[in-house]
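Letter by letter, the chains look like this.
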Amino acid sequence: MLRLGVNIDHVATLRNARGSAYPDPVRAAKLAEEAGADGITAHLREDRRHIVDADIDALMEALSVPLNFEMAATEEMQAIALRHKPHAVCIVPEKREERTTEGGLEVAREENKLAHYIAPLREAGCRVSIFIAADQAQIEAANRIGAEVIELHTGAYCDYHYEGRFEERDAELRRLTEMATFAHSLGLEVHAGHGLTYETVKPIAALPEIMELNIGHFLMGESIFRGLKPAIQEMRRLMDDARA
Ligand code: PXP
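What comes next is a walk through the structure. Source: prediction; values computed, not measured. (Residues numbered from 1 in each chain as written. Predicted model: local features only at pLDDT ≥ 70, side-chain atom pairs only at ≥ 80, totals over all residues. Heavy atoms only, no water.)

1. Here's the deal with unusual backbone geometry
A cis amide bond, omega -5 degrees, links tyrosine 22 with the succeeding residue proline 23. Checked against the element boundaries, proline 23 lands in the loop between α1 (9-18) and α2 (25-34). Phi angles above zero are rare outside glycine, and arginine 48 is one such case at about 55 degrees. Locating arginine 48 in the fold gives a position in the loop between β2 (39-43) and α3 (53-62). Of note in this structure, histidine 194 is not a glycine but carries a positive phi near 110 degrees. Turning to its location among the elements, histidine 194 is positioned in the loop between β7 (189-193) and α9 (201-205). (Helix = DSSP H or I, 4+ residues; strand = E, 2+ residues; numbered from the N terminus.)

2. Observations concerning the site of the ligand
Taken together, 13 residues sit near the ligand, with Glu70, Glu151, Gly195, Gly216 and His217 positioned nearest. At 2.9 Å, a side-chain N or O of glutamate 70 approaches an oxygen atom of the ligand. One of the backbone N or O atoms of histidine 217 is found 2.8 Å from an oxygen atom in the ligand. Protein chains bury 95% of the 390 Å² of accessible surface belonging to the ligand in isolation. (Near = heavy atom within 4 Å. Polar contact = N/O pair within 3.5 Å; in protein donor to acceptor, adjacent residues only side chain to side chain. Areas by Shrake-Rupley, 256 points an atom, 1.4 Å probe, with all protein chains shown as cover.)

3. Describing the pairing of strand β5 (residues 127-132)
Of all six residues that make up β5, five are buried, and the element is covered over most of its length. Taken together, the four bridges between strand β4 (residues 88-91) and β5 define a ladder with parallel strand orientation. Looking across to β5, one finds that valine 89 is bridged to valine 128. As judged from the four bridges shared by β5 and strand β6 (residues 149-153), these two strands associate in the parallel manner. Across the sheet, the residue bridging to isoleucine 130 is isoleucine 150, located in β6. In the classification by handedness, the crossover that spans β5, the intervening helix α6 (residues 136-144) and the parallel β6 is right-handed. (Buried < 20%, exposed > 50% of the residue type's maximum accessible area, 1.4 Å probe, protein only. Pairing = 2+ DSSP bridges. Right-handed = clockwise from strand over helix to strand, strands pointing away.)

4. Some details on α6
An α-helix turns once every 3.6 residues. As a result, residues three or four positions apart point the same way. Residues of α6 that are buried include every one of Gln138, Ile139, Ala141 and Ala142, and no others. For α6, the arc enclosing every buried residue in end-on projection is 165 degrees, short of the 170-degree limit, so these residues lie on one face. On its buried face, α6 sits against α5 (111-123), β5, β6 and α8 (166-185). Within two residues after α6, glycine 146 carries a phi angle of roughly 100 degrees, on the positive side. (Arc of directions from axis to C-beta. Contact = heavy atoms within 4.5 Å.)

Written out as C-alpha cells, the structure is:
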C-alpha cells in the first residue's frame, strides 16, 4: 500500500503570521488521521518559522500514527530527535533564506559527516530518511551511509508542470522513475514528496517502488475551499486510483 504522510507545517505558518494560538497544527494532525493519513510530517526549522518545539512535544503526545520529523543535520536537531525518538527522521537541507526546501541534500560530498550524524538516530530506533534529488550518486551515497529510506524531491517535476514546461517535466518524471527503481534495487525504501497536488500526484503515485508520499502545502491551501478532511480524502483517492 502507498502511504500518505500529511505535512502540517503550514497550519503553523498561518498561526505564526499573527502570533496567535490558532490554528492549531495538532488539531489539524488529528483531523488528518481521521481522514486516513498514515503519518504526520512536521519540519522543525532552525528559525522556527512554522513548527515550534512545543508543537513537536504536543504531536508526540497526541498522535496515533507515526510522526516523520523533518530536520536539518545540525546538533540541535539531533538532540531534539534523540529526546523524542519519533518513528522517522527525514534529513533535509536547510537554508535560512529559502522559502521552502529547494533542493535535495548533498549526501555524496558530506558522506562521512552524515554517516556519523545518523548513526545515533538509527541506534535510537528512528527510521532515517534522506531527502535527495533523483540522482544516482546521491542515492548510492545515502545507501553507503546507512540510511534505510530515501525521499525523492518532486519539487522540480511539479514546478515544470505549473510553468508549462512539459518536456522538462516529463524528463524529470523519467529520472524519478529510473531512480525509484534504482534505489529500490539497492534495498532502500523509497518515498517522494514536495510540491505535489491533485494535478501532479498520479504519475508519482503510480510508481510501484514508492511506498510513501509526503504532502502538505497544497493540501492546506485546498482545505480552505473543501475543508481539511475532504481535501485529504481526495488526495488519498487519487493516489489509490493511480495504484489500481
Ligand atoms: N517532503 C519533504 C522532505 C519536505 O521538506 C516537504 C516540505 O516541507 C514535503 C515533503 C512536503 O512538501 P509540500 O508542502 O510542498 O507538499
